[in-house]
Amino acid sequence: MPISNNNYYCDQQFSALQLAKNTIENTEFEACTFTECDFSQAQFKTCRFIECSFKNCNLSSLKWDYSSLESVSFSHCKLNSVQWSNADWGALSIDAPVSFNSCELSNSSFFDLTLNSLKLIHCFAKNVDFRHANLKQSTFTGSNFRDSEFFQTNLTKCDFVGATEFNIDLNNNILAGAKFERFEALNLLTSLDIELCN
């Protein structure tokens with residue numbers, strides 16, 4: 001099924017759409033599923049996604065352009081180079097309205113966003129900007145955070161069990177109640193300018 005602008009879609013299945021570099025405007029999707037679709041370098045302008053799921057889709061370099069997301073899940077998707085701050089997150093959202101499972105999120109930015117209880121599980125998140133974000137009670141299990149930035153980030157009660165290659169400065173982030181595996185937690189000590197001995 002093709003997608004047209006200024007429309008409303010409910011409980012629809014979209015498969016193998018080829019919409020790279022296309023612009024979709026003022027369109028609402030509710031309880032829709034997108035499977036193996038290509039939205040790379042596309043634009044969603046003032047669209048709305050409610051209880052939708054994306055599976056095995058390419059959304060790299062996608063521009064959200066003030067589109068809103070409510071209970072949207074991404075599974076096995078490519079989401080590299082996405083500026084998440086361009087989405088319309090709404091003022092009343094308590095918990096993160098998005099979740100990621102086994103996705104690629106490299107070179108993306110969550111700068112200064114409040115996304116409590118975010119689920120970012122078994123993802124590859126290289127060089128992602130989490131600075132100044134409020135991510136308390138989020139789940140980051142099994143994810144790789146190589147070269148990602150955490151600065152003045154609220155990580156209270158976050159679950160990093162199984163997460164790898166994170167570099168989090170204990171002096172410049174909030175980590176009260178966060179969970180780490182013992183061995184990986186040694187990475188946290190690199191910010192303290194201390195020497196570890198056997």
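Just so we're clear, the structure is a prediction, and the values are computed from it rather than from any experiment.

Here's the deal with the side chain of Asp159
- Locating Asp159 in the fold gives a position in the segment after strand E12 (119–121).
- Residue Asp159 is classed as buried on the basis of its relative accessible area, which comes to 16%.
- Here Val161 takes part through its backbone nitrogen, which lies 3.0 Å from a polar atom of the side chain of Asp159.
- Residues contacting Asp159, with those up to four places away along its chain left out, are Ser138, Thr139, Phe140, Thr141 and Lys179.

A look at the sheet that holds strand E4 (residues 28–30)
- Strand order across the open sheet formed by 4 strands is E1-E4-E7-E9, with parallel pairing between neighbours. Edge positions in the open sheet fall to strand E1 (8–10) and strand E9 (68–70), since each of these has one partner strand only. Strand-to-strand, the axes of this sheet are offset by a mean angle of 5°, without reference to chain direction.
- For E1 and E4, the ladder comprises 3 bridges, and the chain directions are parallel. Bridge assignment links Tyr8 to a residue of E4, and that residue is Glu28.

Examining the pairing of strand E10 (residues 72–75)
- Here E10 shows a buried face lined by Val72 and Phe74 and an unburied face lined by Ser73 and Ser75.
- Strand direction decides the pairing type here: strand E8 (residues 53–55) and E10, joined by 3 bridges, are parallel. Directly across from Lys55, in E10, lies its bridge partner Ser75.
- Relative to strand E11 (residues 98–101), E10 is paired through 4 bridges, and the arrangement is parallel. Counterpart to Ser73 in the pairing with E11 is Ser99.

A short note on the packing of aromatic side chains
- Taken as a whole and judged by the stated rule, the model has 36 aromatic pairs.
- Ring centres 5.0 Å apart and planes at 45° place the aromatic pair Phe140 and Phe160 in the tilted group. Taken as a pair, Phe140 in the segment after E12 and Phe160 in the segment after E12 lie far apart in primary sequence, 20 residues in all. Residue Phe140 shares its accessibility class with Phe160, and that shared class is buried.
- Between Phe150 and Phe160, the ring centres sit 6.4 Å apart and the planes meet at 70°, which makes this aromatic pair edge-to-face. Separated by 10 residues along the polypeptide, Phe150 in the segment after E12 and Phe160 in the segment after E12 bring together distant segments of the chain.
- Taking the relative accessible area as the measure of exposure, Phe150 reaches 6% and is therefore buried.

Details of the nonpolar core
- By size, the foremost hydrophobic cluster in this structure holds 56 residues, and its most contacted members are Phe34, Phe39, Phe74, Trp84 and Phe100.
- Listing elements by their share of this core, those giving two or more residues are E10 and E11.
- Setting aside residues up to four positions removed in sequence, Phe74 forms contacts with Phe54, Leu59, Trp64, Leu69, Leu79, Trp84, Val98, Ser99, Phe100, Asn101 and Cys103.

Some thoughts on the pattern of salt bridges
- The full count for this structure, using the stated rule, is 4 salt bridges.
- For Arg48, the salt bridge goes to Glu70, with nearest N and O atoms at 2.8 Å. With Arg48 in strand E7 (residues 48–50) and Glu70 in strand E9, the pair connects residues that are 22 residues apart, well separated along the chain.
- A residue is classified by how much of its surface remains accessible, and Glu70, at 30% relative accessible area, is partly exposed.

The rules behind the values
Residues numbered from 1 in each chain as written. Predicted model: local features only at pLDDT ≥ 70, side-chain atom pairs only at ≥ 80, totals over all residues. Heavy atoms only, no water. Helix = DSSP H or I, 4+ residues; strand = E, 2+ residues; numbered from the N terminus. Buried < 20%, exposed > 50% of the residue type's maximum accessible area, 1.4 Å probe, protein only. Polar contact = N/O pair within 3.5 Å; in protein donor to acceptor, adjacent residues only side chain to side chain. Contact = heavy atoms within 4.5 Å. Pairing = 2+ DSSP bridges. Axes fitted to C-alpha atoms, helices over the stretch in contact; angles between N-to-C directions. Phe/Tyr/Trp six-rings, centres within 6.5 Å; stacked < 30°, edge-to-face > 60°. Core = buried A, V, L, I, M, F, W, Y, C linked by side-chain atoms within 4.5 Å. Salt bridge = Lys/Arg side-chain N within 4 Å of Asp/Glu carboxyl O.

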